[in-house]
Amino acid sequence: MLTNFSAASVPAPPAYRTPTWQNEIAELQQLQAGRTEDQIDRAIFWNAGAICRWNEIARDLVAAHRLNPPIASRIYAALSIAQYDAMIAVWRMKYRYNRKYPSQEVGTGIKPVLAIPPDPCYPCEHSAIAAVSERILRQFFPNDIAALDAAKSEHQQSRMWAGIARRSDVEAGDQIGVFVAEEVLAHIADDGSDAVWTGQVPVGDCYWYSSENPPRPPLLPLWGRVRPWLMTSGSQFRPGPPPDCHSQEFLDALREVRYISDNRTPEQLAIAQFWADGPGTATPPGHWNQIACDMATQKGLNEVRTARMLALMNMAVMDAGIAVWDAKYTYWLKRPSQADPNITTPIGLPNFPSYTSGHSGFSGAAATVLAYIFPDQAETLNAMAEEAAISRLYGGIHYRFDNEDGLKQGRQIGALAVARGKSDGSP
């Protein structure tokens, strides 16, 4: 998102053999002398994929606060975009100053407990990751600031415990992280996500209504108007209307849902439950973040590559939610169990219209981006998206056309992210 990276610059680090440099080395020597097994363990923990460590913290907070999928997708997008821009800013400074690691300088006596990274030391990328992530997440989870501050402090200090970074390396990374986070938060402050709906649910045979008692307002009717990252507007990939609820096409689709409901196999139920991602979970966007982080670990992606992957994916996933919600509240189609009360919904019934499927949109977008990052896994990823989509039919809460059109929307938006990735200059 950042365009003015000069504003994220930091001054030159303390020069070799100056008093400040000597004080920093003395501090590391003291930490080395008193290094504990717990400090070593925490250094290893944070070193093993810091971007995804903070992504996991975000997923846990989303689950703990029982956030809904569109709101969760916005948090994941803000976090990932800020992390990636922070990494770009850090790398610009690293190769401006080309500072050596403490153990690489003559006479320091520093013996790191972690492998020396292949890039220059200053600023510390881990410190920037901790700072940018903590600042983004505290905006969304103000009641968890103490825990977030503690995680940030431990993450940053772990680089000094390990003998990898000096205090000035950590402070420079922190400065960049905080700056980038504030820029991203300022950008999303007026994206329309807090708009208040004052409309009325339409009434008619084909329209959705709240199945809860007492009825609750529908979830986020204005989300389709939130400012997207990749699309020109939430309606860019709006599909045509679903089949009329009196048409043969609709009745055939409804009959399929009823048949599965009456004859649901253990395997179909297991698939529906695996992809359910309801309240109290990381949500469908979080599920795909976990998949992405697992793949990043398996493939050995470094922090920059991981940040880029998650930024591209979460922009697409958030936009997919915007596009799907635009369709939902354009057409207000009732759920299958509202058309046929004998249809069972073992994974619960969401409190918003049916067409198109949010799970399908999120999954189509995520799988498309991840297939670009991991082309050798494209077939597997696309099959996962197909399974996530059909899981909603197995759960009795979506028609097949909901899923097919939701997948199409997600894939179209994922293609925008792929085009962005192909033109971003990443080698």
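Details of the structure are given in the entry above.
Residues numbered from 1 in each chain as written. Predicted model: local features only at pLDDT ≥ 70, side-chain atom pairs only at ≥ 80, totals over all residues. Heavy atoms only, no water.

Chemist: So what's going on with helix α2 (residues 37-47)? Residues and values would help.
Modeler: Within the sequence span of α2, burial applies to Gln39, Ile40, Ala43 and Trp46. An end-on view of α2 places all buried positions within 135 degrees of arc, on one side of the element. Among the exposed residues of α2, those oriented more than 90 degrees off its buried face are Glu37 and Asp38. Tucked inside the fold, the buried residues of α2 contact α3 (50-64), α5 (125-140) and α6 (145-161). Glycine 49 occupies a position one or two residues after α2 and carries a positive phi of about 90 degrees. (Buried < 20%, exposed > 50% of the residue type's maximum accessible area, 1.4 Å probe, protein only. Helix = DSSP H or I, 4+ residues; strand = E, 2+ residues; numbered from the N terminus. Arc of directions from axis to C-beta. Contact = heavy atoms within 4.5 Å.)

Chemist: Got a sec to walk through the environment of glycine 358? Specific residues and values, please.
Modeler: With respect to the helices, strands and loops of the structure, glycine 358 is situated in helix α13 (residues 358-373). Along the sequence, glycine 358 and histidine 287 sit 71 residues apart, while their C-alpha atoms lie 13 Å from each other. With residues near it in sequence (within four places) discarded, glycine 358 still touches Val324, Trp325, Lys328 and His398.

Chemist: Residue-level account of the packing of aromatic side chains, with values.
Modeler: One pass over the full model with this rule turns up 15 aromatic pairs. Among the aromatic residues, those joined into a ring-pair cluster are Phe250, Tyr331, Tyr355, Tyr399 and Phe401. Stacked on the ring of tryptophan 91, the Lys or Arg lysine 94 has its end atom at 5.1 Å from the ring centre. Across the ring face of tryptophan 325, the terminal group of lysine 328 is positioned such that the distance to the ring centre comes to 5.3 Å. (Phe/Tyr/Trp six-rings, centres within 6.5 Å; stacked < 30°, edge-to-face > 60°. Lys NZ or Arg CZ within 6 Å of the ring centre and 35° of its normal.)

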